[in-house]
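Here is what each chain is made of, one letter per residue.
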Amino acid sequence: MDVLMVGGDAALREVVLQLLRTTGLSGAGCEDVSCAREMAAVAPPLALVMDVKLSPVQEGAGCIPILPGGSVILFREGVSAARATQQVFGRALVAELSLPLERARLMTLLQRIVARARITGRDRRAPESPLSP
């Protein structure tokens, strides 16, 4: 799995997951941190996209496993001046976005994160054949 999206309303999660599919990325969505921890334990994502409201509030939000070299992107719904603390995620945090307004920026960041993982060899999926159509 390339991307795990946690939080937000169901409609926002569905929009983001559909955008991921159109760009060739794979993803899954969860409502809360406990569900995300369970999904990530089975298949750690390269990128974790998490609602700002969940990260500092729910205990263990920083314990959702991601692949080595993976990144965390926090989002907030609508326009809000609230900022999350970087202490929970440390250097893995690459951006805080306002969704759905900055969805194009989100897709660009996710594509770059996945491309970086593939180039550096941190992508654990089966490599694609260079001759595949």
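The coordinates are above.
Undergrad: Give me the lowdown on the packing of helix 1 (residues 10-22) against helix 3 (residues 103-120), citing residues and values where you can.
TA: In a pair of packed helices, the angle between the axes and the distance between the axes together describe the arrangement. Relative to each other, helix 1 and helix 3 sit at 50°, their axes nearing to 11 Å. What the angle tells us is that helix 1 and helix 3 run oblique. As helix 1 runs across helix 3, the sense of the crossing is right-handed. Only Arg103, Leu106, Met107 and Leu110 of helix 3 make contact with helix 1, whose side of the interface consists of Val16, Leu19 and Leu20. When the residues that make up the contact of helix 1 with helix 3 are grouped by side-chain class, the tally is six nonpolar, no polar and one charged.

Undergrad: Talk me through helix 3; I want residue IDs and the actual numbers.
TA: Helix length check: helix 3, at 18 residues, gives a terminal C-alpha distance of 26 Å against a target of 26 Å (1.5 Å per residue), a fit within 8%. Regarding helix 3, the residues found buried are Leu106, Met107, Leu110, Ile113, Val114 and Ala117. The buried residues of helix 3 occupy one face: seen down the axis, they fall within an arc of 125°. Looking at helix 3, the residues exposed on the side facing more than 90 degrees away from the buried face are Ala104, Arg112 and Ile119. Of the residues one or two after helix 3, Gly121 is the one with positive phi, at around 85°.

Undergrad: Tell me about the pairing of strand 2 (residues 27-30), and please be specific about residues and values.
TA: Where burial is concerned, the two faces of strand 2 differ: the one with Ala28 and Cys30 is buried and the one with Gly27 and Gly29 is not. Summarising the sheet, strand 1 (residues 3-6) and strand 2 pair through four bridges and their orientation is parallel. Note that in strand 2 the partner of Leu4 across the bridge is Ala28. Each parallel crossover has a hand, and the one from strand 1 via helix 1 to strand 2 is right-handed.

Undergrad: Which residues make up helix 2 (residues 33-42), and what values go with them?
TA: Val33, Ala36 and Ala40 are the residues of helix 2 that are buried. Looking straight down helix 2, one finds its buried side chains confined to an arc of 55°; they lie on one side. Helix 2 presents Glu38, Ala41 and Val42 as exposed residues on the side facing more than 90 degrees away from its buried surface. The secondary structure elements touched by the buried residues of helix 2 are strand 1, strand 2 and strand 3 (47-51).

Undergrad: Describe the environment of Leu106, listing the residues and the values that go with them.
TA: Mapped onto the fold, Leu106 is located in helix 3. Using a relative accessible area of 0% as the deciding quantity, one classes Leu106 as buried. Sequence spacing of Leu106 and Leu20 is 86 residues, and the spatial spacing of their C-alpha atoms is 9.7 Å. Setting aside chain neighbours within four positions, we find Leu106 in contact with Val16, Val49, Ile73, Leu97 and Leu99.

Undergrad: An account of the nonpolar core is needed here, citing residue identities and associated values.
TA: By size, the foremost hydrophobic cluster in this structure holds 22 residues, and its most contacted members are Val16, Leu20, Val49, Ile73, Leu106 and Leu110. Secondary-structure elements contributing two or more residues to this core are strand 1, helix 1, strand 3, strand 4 (71-77), strand 5 (93-99) and helix 3. If you tally residues by element for this core, the top one is helix 3, at six residues. Apart from the residues lying within four places of it in its own chain, the contact partners of Leu20 are Val3, Leu25, Gly27, Met107 and Leu110. Listed in part, the 14 residues of the second largest apolar core include Leu4, Ala28, Cys30 and Val52.

Each value, and the rule that gives it
- Residues numbered from 1 in each chain as written.
- Predicted model: local features only at pLDDT ≥ 70, side-chain atom pairs only at ≥ 80, totals over all residues.
- Heavy atoms only, no water.
- Axes fitted to C-alpha atoms, helices over the stretch in contact; angles between N-to-C directions.
- Helix = DSSP H or I, 4+ residues; strand = E, 2+ residues; numbered from the N terminus.
- Parallel < 35°, antiparallel > 145°, perpendicular 65-115°, else oblique.
- Left-handed = near helix turned anticlockwise from the far one by under 90°.
- Contact = heavy atoms within 4.5 Å.
- Nonpolar A, V, L, I, M, F, W, Y, C, P; charged D, E, K, R; others polar.
- Expected span 1.5 Å × (residues − 1).
- Buried < 20%, exposed > 50% of the residue type's maximum accessible area, 1.4 Å probe, protein only.
- Arc of directions from axis to C-beta.
- Pairing = 2+ DSSP bridges.
- Right-handed = clockwise from strand over helix to strand, strands pointing away.
- Core = buried A, V, L, I, M, F, W, Y, C linked by side-chain atoms within 4.5 Å.

Distances and angles like these do not, on their own, reveal function.
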